[in-house]
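# A structural walkthrough
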Amino acid sequence: MNLIKLQRNELTEHLVYKKLSLITKDKATKKILEHISKDELRHYNFFKKYTKEDVKPDYFKIRKYILISRLFGIKFGLKLMEKGETNAQKTYSKLKNQIPITEIIKDEHGHEEKLINIIDEEKLKYMGSIVLGLNDALVELTGALAGFTLTLQKTNIIAIAGLITGIAASLSMAASEYLSKKTENKSNAVKASIYTGFAYILTVLFLIFPYFLFSNAFVSLMMTVINAILVILLFTFYVSVTNDFSFKRRFIEMAAVSLGIAVLTFCIGLVLKTFNIGI
């Protein structure tokens, strides 16, 4: 990565931070974003002294990270951007002996720490409740649908049975989360229960959808398993970025539990069907 590319990166990040500072309503976060934006502009001007050129920012990158931050939160957007700048960090280290870049390196290391410590987004505050709803829906409903598929084998009946099971379970989970938070004397019991129930019901609808789309029950089950893996993949990526978890380890763990329950339930359904128990 040459100095021109570094200069362009600094200008791009300056504009990303500046635009995000206009989006956020939290005054403390806004102040930090504005401060980092000014630092990035100063870094741009530093490189400009050596390149003697004006460069244009990467507008696609700016739009991408602004959109991601709007959809998934500022913390996720910025941490994702920082993870994509590993090559720049390596280049900074190599340039230490060529140009006086120590102050810029110090700034870059300090930026993420400042932001992550101050950002307090609601979606992150209730991450535990979201995980509870999503994980339970994946485990319980994937297993239930696997059992229904083998024993019932009619997609319309399976879809209705799954939907009723899912709605009842989502209400049960929301109520359990509310009571759990109330027992702990938490003031956010209602919001926590809403996040849990909402995450559960969204996952339920996504998993059941193939049974409304396909007439073959086993094709529907296969698509449900694919949907479950997709949900696990996306959610694990989100959590691993925002909380610095190991993506591979968390993904394997969630997939093994969810799909393991589905296989076990499918086997139970096979036993019931073989011996005509309850059929």
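Throughout what follows, the structure given in this document is the object of discussion. (Residues numbered from 1 in each chain as written. Predicted model: local features only at pLDDT ≥ 70, side-chain atom pairs only at ≥ 80, totals over all residues. Heavy atoms only, no water.)

### So, the overall build of the protein
Secondary structure assignment for the protein yields 12 helices and 0 strands. For the protein, with 279 residues in total, the buried portion stands at 44%. Sequence-distant contacts in the protein: of pairs separated by 6 or more residues, those separated by 24 or more amount to 74%. Accessible surface computed for the protein: about 15,400 Å², of which carbon and sulfur atoms make up 63%. (Helix = DSSP H or I, 4+ residues; strand = E, 2+ residues; numbered from the N terminus. Buried < 20%, exposed > 50% of the residue type's maximum accessible area, 1.4 Å probe, protein only. Contact = heavy atoms within 4.5 Å. Areas by Shrake-Rupley, 256 points an atom, 1.4 Å probe, with all protein chains shown as cover.)

### Re the packing of helix α9 (residues 155–183) against helix α10 (residues 189–213)
Running from N to C, α9 and α10 point in directions that differ by 165°, and their axes come no closer than 8 Å. The angle between α9 and α10 places the two elements in the roughly antiparallel class. Considering how the two elements wind past one another, α9 and α10 form a crossing that is right-handed. Here the contact of α9 with α10 is built from residues that sort into 18 nonpolar, 7 polar and 3 charged. (Axes fitted to C-alpha atoms, helices over the stretch in contact; angles between N-to-C directions. Parallel < 35°, antiparallel > 145°, perpendicular 65-115°, else oblique. Left-handed = near helix turned anticlockwise from the far one by under 90°. Nonpolar A, V, L, I, M, F, W, Y, C, P; charged D, E, K, R; others polar.)

### Thoughts on the nonpolar core
Counting residues in hydrophobic clusters, the biggest one holds 45 residues, and the most contacted among them are Val16, Leu20, Leu78, Leu138 and Leu145. With residues up to four places along the chain from it excluded, the contact list for Leu138 reads Gly143, Thr203, Leu207, Ala228, Val231, Ile232, Met254 and Ser258. (Core = buried A, V, L, I, M, F, W, Y, C linked by side-chain atoms within 4.5 Å.)

### Details of the side chain of Ser220
Tracing the sequence through the fold places Ser220 in helix α11 (residues 217–243). Residue class for Ser220 comes out buried when judged on its relative accessible area of 0%. If sequence neighbours within four positions are ignored, Ser220 has contacts with Thr155, Pro210, Tyr211 and Phe214.

### Observations concerning the pattern of salt bridges
Considering all chains together, one arrives at 3 salt bridges under this definition. The partner of Asp39 in a salt bridge is Arg42, with the nearest N and O atoms 2.9 Å apart. Of this pair, Asp39 and Arg42 both sit in helix α2 (residues 27–51), 3 residues apart, which is roughly one turn of that helix. The class for Asp39 is buried, based on a relative accessible area of 7%. (Salt bridge = Lys/Arg side-chain N within 4 Å of Asp/Glu carboxyl O.)

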